[in-house]
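Observations on the model geometry
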Amino acid sequence: SDLPVFSVEDLARILWAFSELCSTAPESYSLHGSTANSFGQIQETIEASLLRWESGQKNVTASQQHKDSNSIFSRFPSTLFGKSRALRLSLLDVKISDEDEDDEEDGQHSPQTQKSLPTLSDLTVDPSTLCKLAFGLAQISRSHQQIVGSEQILRVATRLFSSKNGRLLSECSHQDVIRMCCACVDTMKLAGKEIRGSDREYVLRQFPRRVVQLINSPVYYDNGVHRSYLEALSPSDLSALLFSLGELGVRASYQPDSPQLEYRKLRMVPACPILSEKSLESLTPTSSVNLFCGLVAIGDASRGSNALLSSLCNLQSRVDSLEPYLLCRLTASLSKLLRSGNAARASRPSMSFSRTRSADDSASMDKSDEKGTKCTEEEPSLEDVSSLDSAAEQVIDNLSPPPSENLNNNILHDDETTRQEARHLLDLVLQRAATRLSNFSGEQIRRFMLHVVLLPFQADDFVDAADIEVGKRLLALESDAVTSRLGSIQDLSKYSADAAVDVAATLSDISTGDYPFKFLRKGGKDNELASEKLSDIAAEANRVAASACEAAARLDRVSRGANLNGEGLLQQTEHGAAFELGRCQALIERYRRIVFSDDSFSRRSRYDDERRKIIGKRVCSRLFV
């Protein structure tokens, strides 16, 4: 192995470059076994070095080549945050704590703990490269779901950038911060069960808190212009950041009392900048969906729906170019937006009722003041004073109506426009999905049906198509269950290989003899033509036998090498598919019980009249026992 030739920094850059190449490869690309093996060796070398640094251990010199004064390799990277280490001397002695400064009662450590804390000067990977490495590993795990195990590297990176009140995070570029946020989201989705509770503290709490603190920091000057952290981002970077922050639980903050402390509650203070139509058109379909989903998740649209409305209009022309997973993600965000709008509309009558009630109460108070007790002119009663003040305020209100009413009306109008555009976009998405249901997994079909039923949203064509597709897949699983009774996949593969070999051998023997030409003679054809035809059949049988033997041998190699049971994996996949299809059937039946009208809907009970009577009798009998 040539691993000792490279420093840890070089190995990290190799993995980062490899992940970039994999991201541009076609979807059908699969890693070779030797490539995956080398990838695992490199990742484990980097991870071991980072874990030794985290525990306060000194990294020993890797090889004799590092001891050679003429060697061009160095144990430590020559850069720190992308710049020369000589320009970052003030950061080299920074000790990385494992505690959150916001939660500490006193910021002091015990002498032993302080002595054992790792310092930035001993880190064998540039923090900027560490951001790229964590993001690259998450990208590879997302495209090759069996290659997991980057959670330790992510935990070390998040601990590094969460320490010292987020001081090191401010040294990173915008792209590196976004890469770290995306890595947190992808790693938690792919390896969430593998991450311990103590590690989740860094990934889901401390690091997002420091990112929000960085975003909420005071605006800075750029050529004399005030610009927030979000306004300095490119459209694609903005969409990626908003989506990842929304997935990490960050929400928008509205009129905070102390904006400088909102980051502790994962509340983002600055509003999202509104992108121009040209900027929205420059986004890829994935970035466009991520921008919309981020706005909905964070809740930034409540400050003014222009950003959300422009994103909705842009997505309406891109529905045909969206992949199945993007359609599912977009449907979930549209459902959340429409359900929140329904809740807001449901709360408005109660608000108007409370205002009417307060006006009636004030009128009754005025009447009671007219019938109140008599008071002397020298000492007017408090009721008279309050009635005079309220009358004066009423006159002022009549002369100059407050602008807040017009503002509220505009906001309500914008909300209604946004809801209409959202419903139109959801209709386009469901129409597109109905024509491509064969490309969707059972889980994706179930997610579509779930949001259609939750809203509810009338989509008869999509539900009919989903019902047909679910029925076809269940029929296929039932026929597979009959076939599985014949034996396991290993036994069937071995039997087919042996049978193919026997047939090929028999045909080869027959083709070399004199007897078999009798049944091939037709129309006076000679023996030479019959021999050639039979030889072709024997050659084809040999190729079939070779393919069957290779399939059986490969299945056996994978089963022994990975210590897995091929039949068990197939059964688990089959049971998972049947489970998702069963949930789809229940949702389809639930949708059939919804009765849609012009402006409302109603749900029929899943019990018939006879069943409801029986249930009612049982309830009454239990009450009177």
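An account of the accompanying structure is given in this report. Since the structure is predicted, the reported quantities are computational estimates derived from the model, not experimental observations.

The helix and strand inventory of the protein stands at 22 helices and 8 strands. Counting over 625 residues, the protein shows a buried share of 39%. Here the analysis covers contacts within the protein between residues at least 6 apart in sequence; of these, 77% occur between residues at least 24 apart. Carbon and sulfur atoms provide 52% of the accessible area of the protein, an area that totals close to 36,300 Å².

Attention shifts here to the pattern of salt bridges. Inspection of the entire model under this criterion finds 14 salt bridges. Ionic pairing is found between Arg 446 and Glu 580, a salt bridge with its closest N-O pair at 3.1 Å. One end of the pair, Arg 446, is in helix α17 (residues 442-454); the other, Glu 580, is in helix α21 (residues 566-592), with 134 residues separating them in the sequence. This pair shows no difference in class: Arg 446 is buried, exactly as Glu 580 is. Its salt-bridge partner being Asp 464, residue Arg 592 comes within 3.0 Å of it at the nearest N-O pair. One end of the pair, Arg 592, is in helix α21; the other, Asp 464, is in helix α18 (residues 460-484), and 128 residues separate them in sequence. Where salt bridges share partners, they join Glu 54, Arg 155 and Arg 159 into one cluster.

Let us now look at the environment of Arg 423. Tracing the chain through its elements places Arg 423 in helix α16 (residues 403-434). C-alpha separation for the pair Arg 423 and Phe 457, spaced 34 residues apart in sequence, amounts to 8.6 Å. Discounting chain neighbours no more than four positions away, the residues touching Arg 423 are Leu 338 and Phe 457.

Contact geometry of helix α12 (residues 285-298) with helix α13 (residues 306-316) gives a least axis separation of 10 Å together with a crossing angle of 145 degrees. Between α12 and α13 lies a crossing of left-handed hand. For the pair α12 and α13, the contacting residues are Ser 288, Val 289, Leu 291, Phe 292, Leu 295 and Val 296 in the first and Ala 307, Leu 308, Ser 311, Leu 312, Asn 314 and Leu 315 in the second. The class makeup of the residues in the contact of α12 with α13 is 9 nonpolar, 3 polar and no charged.

We now examine the packing of aromatic side chains. Overall, the coordinates contain 5 aromatic pairs when judged by the stated rule. When the centroid spacing of 5.7 Å and the interplanar angle of 45 degrees are considered together, the rings of Phe 18 and Phe 39 count as tilted. In this pair, Phe 18 is assigned in helix α1 (residues 8-24) and Phe 39 in helix α2 (residues 33-54), connecting sequence segments 21 residues apart. We classify Phe 39 as buried; its relative accessible area is 6%.

Turning our attention to unusual backbone geometry. Residues Leu 455 and Pro 456 are joined by a peptide bond in cis, for which omega reads -15 degrees. Within the element layout of this structure, Pro 456 appears in the loop between α17 and α18. Phi is positive for Leu 266, close to 55 degrees, though the residue is something other than glycine. As for its placement among the helices and strands, Leu 266 is situated in the loop between β5 (251-252) and β6 (267-268). What makes Leu 266 buried here is its relative accessible area of 16%.

As a further point, take helix α9 (residues 197-215). Along its 19 residues, α9 runs 26 Å from first to last C-alpha, staying within 8% of the 27 Å computed at 1.5 Å per residue. Along its length, α9 shows its largest kink, about 30 degrees, at Gln 206, and proline Pro 208 lies within four residues downstream of that point.

Quick reminder: α-helices carry 3.6 residues per turn. Residues three or four places apart thus point the same way. With 14 residues, α12 extends 20 Å from end C-alpha to end C-alpha; this agrees with the ideal 20 Å at 1.5 Å per step. Counting buried residues in α12 gives 12 out of 14 residues, a clear majority hidden from the surface. Restricting attention to buried positions, one finds in α12 the residues Ser 287, Ser 288, Val 289, Asn 290, Leu 291, Phe 292, Cys 293, Gly 294, Leu 295, Val 296, Ala 297 and Ile 298.

What follows concerns the packing of helix α7 (residues 151-162) against α9. A pair of packed helices can be characterised by two numbers: the angle between their axes and the separation between those axes. Across the interface, α7 lies against α9 with an axial gap of 9 Å and an inter-helix angle of 40 degrees. One element, α7, and the other, α9, form an angle in the oblique class. Taken as a pair, α7 and α9 cross one another with a handedness that is left-handed. Packed against α7, whose contacting residues are Gln 152, Leu 154, Arg 155, Thr 158, Arg 159, Phe 161 and Ser 162, the element α9 presents Asp 199, Tyr 202, Val 203, Gln 206, Phe 207 and Arg 210 at the interface. Residue classes in the contact of α7 with α9 are distributed as 5 nonpolar, 4 polar and 4 charged.

About the thresholds
- Residues numbered from 1 in each chain as written.
- Predicted model: local features only at pLDDT ≥ 70, side-chain atom pairs only at ≥ 80, totals over all residues.
- Heavy atoms only, no water.
- Helix = DSSP H or I, 4+ residues; strand = E, 2+ residues; numbered from the N terminus.
- Buried < 20%, exposed > 50% of the residue type's maximum accessible area, 1.4 Å probe, protein only.
- Contact = heavy atoms within 4.5 Å.
- Areas by Shrake-Rupley, 256 points an atom, 1.4 Å probe, with all protein chains shown as cover.
- Salt bridge = Lys/Arg side-chain N within 4 Å of Asp/Glu carboxyl O.
- Axes fitted to C-alpha atoms, helices over the stretch in contact; angles between N-to-C directions.
- Left-handed = near helix turned anticlockwise from the far one by under 90°.
- Nonpolar A, V, L, I, M, F, W, Y, C, P; charged D, E, K, R; others polar.
- Phe/Tyr/Trp six-rings, centres within 6.5 Å; stacked < 30°, edge-to-face > 60°.
- Expected span 1.5 Å × (residues − 1).
- Bend = angle between axes of the 7 residues up to and from the residue.
- Parallel < 35°, antiparallel > 145°, perpendicular 65-115°, else oblique.

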